[in-house]
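# Commentary on secondary and tertiary structure
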Amino acid sequence: MQTRVLIIGGGATGTGLARDLALRGVRCVVAEMGDVNAGASGGNHGLLHSGARYVQSDPHSAAECREEGELLRKLAPQCIDDTGGLFVAVAGDDESYVAGFPGWCAAAGVPCRGVSVSEAREMEPEISPHAIAAFEVRDASIDPFRLSLENLWHARDLGCTYIRRNRVDRFDIEGGRIRRVVLRHVRTGAETIVEPELVVSASGAWAANVAQLAGIRIPMLYSKGTLLVTHERMATRVINRLRPPGNGDILVPGGTVSVLGTTSIRLEALDEIRPTMAEVDENVDEGAAMVPRLGTTRYIRAYAGVRPLIGEGGGEDDRGASRGFGLYDHARDGVENFVTITGGKLTTFRLMAEKTADLVCERLGVDAPCLTRSMPLPVADRCRWTEPGLSPREWAHRSGGEDGILCECEMVPRSTVDDILGGCREFASQPALRAIGLRSRVGKGACQGAFCGMRVGAHLYDEGVFDSPRGLLRIREFLSERFKGQRPVLWGVQLAQAELAEAMHCGLLGLDLLDEPPSDGGGA
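Residues numbered from 1 in each chain as written. Predicted model: local features only at pLDDT ≥ 70, side-chain atom pairs only at ≥ 80, totals over all residues. Heavy atoms only, no water.

### A few points about the side chain of D93
Topologically, D93 is positioned in the loop between β5 (85-90) and α3 (95-108). Classification of D93 by relative accessible area gives buried; the value is 10%. Within the structure, D93 has its side chain in polar contact with the side chain of R241 (distance 2.9 Å). Setting aside anything within four residues of it in sequence, one finds D93 in contact with R241, L242 and R243. (Helix = DSSP H or I, 4+ residues; strand = E, 2+ residues; numbered from the N terminus. Buried < 20%, exposed > 50% of the residue type's maximum accessible area, 1.4 Å probe, protein only. Polar contact = N/O pair within 3.5 Å; in protein donor to acceptor, adjacent residues only side chain to side chain. Contact = heavy atoms within 4.5 Å.)

This is the structure we're talking about:
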């Protein structure tokens, strides 16, 4: 396979870069070892930062967040719930930080408005009665999955190719240039060789590992953050703790739920990224000081992501590290056609893609301006099913009840799953449960896949997508991924329900007795 640009990584930056380059007439291939947003782009709050979080510690990043947030509101409104936000201090918080906050916002150009505590509690009744100060800011929530899927979909329409579940095995370097990139399918082991003119690593926390394949060292820190999903939406706005960034100090509404986080744990390697019970407890304890009901509400799952931070060494607390991004032209390291973009934030992904595309085009001799700064992101019908509440609305409007429901918690009907299957097949021949879950609300409700995983799996057998015991393996894989997030938040009735689900999955389907075949082509 030959291409002008190979992009390694299918997160927000990689897919945004693919669209930017495609709009400039540069064809590219995106290779991802998992699926879209498998890394930090899918393991965050879904918060479109106003910039206020960084006004004291990182004013440059604060200004970037403000500028990019305003652009995204205009260019991709279908991905954004423009909730607004509050910063709230409670008794015992640093009052000198409270006093300095409006001045730091003004210096960074981040709008904020002081509101009385009574007004803040009227706006958000769940705020602690012990609040002592509040400011209103322009935070919002953003759907990172729809954002990346629509960027990729538009890039695909313009000639981009997407290869998922393939990791970079090696670079063949000759004469100071990468001549060939060998990709290997993570499940089948099949090899794909790509001959690019230029390689961009947009692999997030894995950027240092990819660079090592070319003999290049990038100084990076890995900061794991754990987040919790509540059973219900607990606020209409984003609620932030008004203090220097800490654990459990941001609550973001996301459709029918809210997301609380996050912790910051230094990792030395990327082998084991999962939430722990200790991190869950820490988030709940800290969050309850800001919103007391967080101490008693039901959480349906936890998840974790890794922030890729530029730098090395430092103290034990990575919260002081810059949230800026790094763009590396590895010509200075002796590899002429290799570039790395890493660090940054979801809010600034478009800017990161623009700066990278500028460098790529300069190196390729392409004289075409960036269009993502002014051209709206097209709505792609097959990418919209991640929106909470959309499936039941469409189901009630279209079918009158004749379209069977496969996911009762989120009311996802058979026709929606079929539509997603059709979209997946344009990228991969054997889409399976995890791909459907990523592109919809399947498995995201109260049962966390316990029932809908089996129903959707049975539907895939009916449709011929599964035709062997490998389909059961894919069902087990889907359920195991959901249980990884449930395990740290189980107690009381939830624990009993989890045991019932385990008995059902093992007793009815025998999922605990399956062996993975050595080479498996049964779905991705």
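### A few points about the environment of V194
For V194, the position within the fold is in strand β12 (residues 191-201). Taking the relative accessible area as the measure of exposure, V194 reaches 0% and is therefore buried. Taking the C-alpha atoms as reference points, V194 and F171, 23 residues apart in sequence, are found 9.8 Å from one another. Apart from residues no more than four positions distant in its own chain, V194 is found in contact with M1, T3, L6, R179, R180, V181 and L183.

### Quick word on helix α1 (residues 12-23)
Along its 12 residues, α1 runs 16 Å from first to last C-alpha, staying within 8% of the 16 Å computed at 1.5 Å per residue. Burial runs high along α1: 12 of the 12 residues are buried. Of all the positions in α1, only A12, T13, G14, T15, G16, L17, A18, R19, D20, L21, A22 and L23 are classed as buried. Of the surrounding elements, those touching the buried residues of α1 are β1 (2-8), β2 (28-31), α5 (144-157), β12, β20 (338-343) and α8 (349-364). One or two residues past the end of α1 sits G25, with phi positive at roughly 85°. (Expected span 1.5 Å × (residues − 1).)

### Things to note about the side chain of E410
Structurally, the position occupied by E410 is in the loop between β21 (405-407) and β22 (412-413). Assessed through its relative accessible area of 11%, E410 is described here as buried. In this structure the side chain of E410 is engaged in a polar contact, spanning 3.3 Å, whose partner is the side chain of R441. Filtering out sequence-adjacent residues up to four positions away, E410 remains in contact with T256, S391, P392, R441, K444 and G445.

### Some details on the layout of surface pockets
One number sums up the size of the second largest pocket: a volume of about 620 Å³. Considering the residues around the second largest pocket, the lining is formed by 26 residues, among which F483, A498, A501, E502 and H505 are closest to the centre. Going through the elements one at a time, α13 (470-486) and α14 (493-509) are the ones with two or more residues in the lining of the second largest pocket. Ranked by the residues each element gives to the lining of the second largest pocket, the list is headed by α14, at 11 residues. Here the lining of the second largest pocket is composed, by residue class, of 15 nonpolar, 6 polar and 5 charged. (1 Å grid on protein atoms, 1.4 Å probe; cavity = no way out; pocket = protein on both sides within 12 Å on 5 of 7 lines; lining within 4 Å. Points joined across faces, edges and corners; volume = space filled by probe spheres on them. Nonpolar A, V, L, I, M, F, W, Y, C, P; charged D, E, K, R; others polar.)

### Re the sheet that holds strand β3 (residues 47-48)
Ordered by their spatial adjacency, 3 strands build an open sheet running β3-β8-β4, and the pairing between neighbours is antiparallel. Of all the strands in the sheet, the pair left with one neighbour each is β3 and β4 (80-81). (Pairing = 2+ DSSP bridges.)

### Focus: the pairing of strand β11 (residues 177-185)
As defined by bridge partners, strand β10 (residues 166-174) adjoins β11 across 8 bridges and the pair is classed as antiparallel. From the neighbouring strand, F171 faces β11, where its bridge partner is V181. In this structure, β11 lies alongside β12, joined through 4 bridges in antiparallel fashion. By the bridge assignment, V181 is partnered in β12 with V194.

### What about the state of the cysteines?
Tallied over the full model, the rule gives 0 disulfides. With no disulfide of its own, C407 has C452 as its nearest cysteine by sulfur position, at a separation of 4.0 Å. (Disulfide = S-S within 2.5 Å.)

### Some details on the packing of helix α2 (residues 59-75) against α8
At a closest axis distance of 9 Å, the pairing of α2 and α8 adopts a crossing angle of 95°. With respect to each other, α2 and α8 are oriented roughly perpendicular. Counted together, E64, E68, L71, L72 and L75 of α2 and F349, R350 and L351 of α8 form the full contact between these two elements. Taken together, the residues of the contact of α2 with α8 break down into 5 nonpolar, no polar and 3 charged. (Axes fitted to C-alpha atoms, helices over the stretch in contact; angles between N-to-C directions. Parallel < 35°, antiparallel > 145°, perpendicular 65-115°, else oblique.)

Geometric descriptors of this kind do not, in isolation, establish any biological role.
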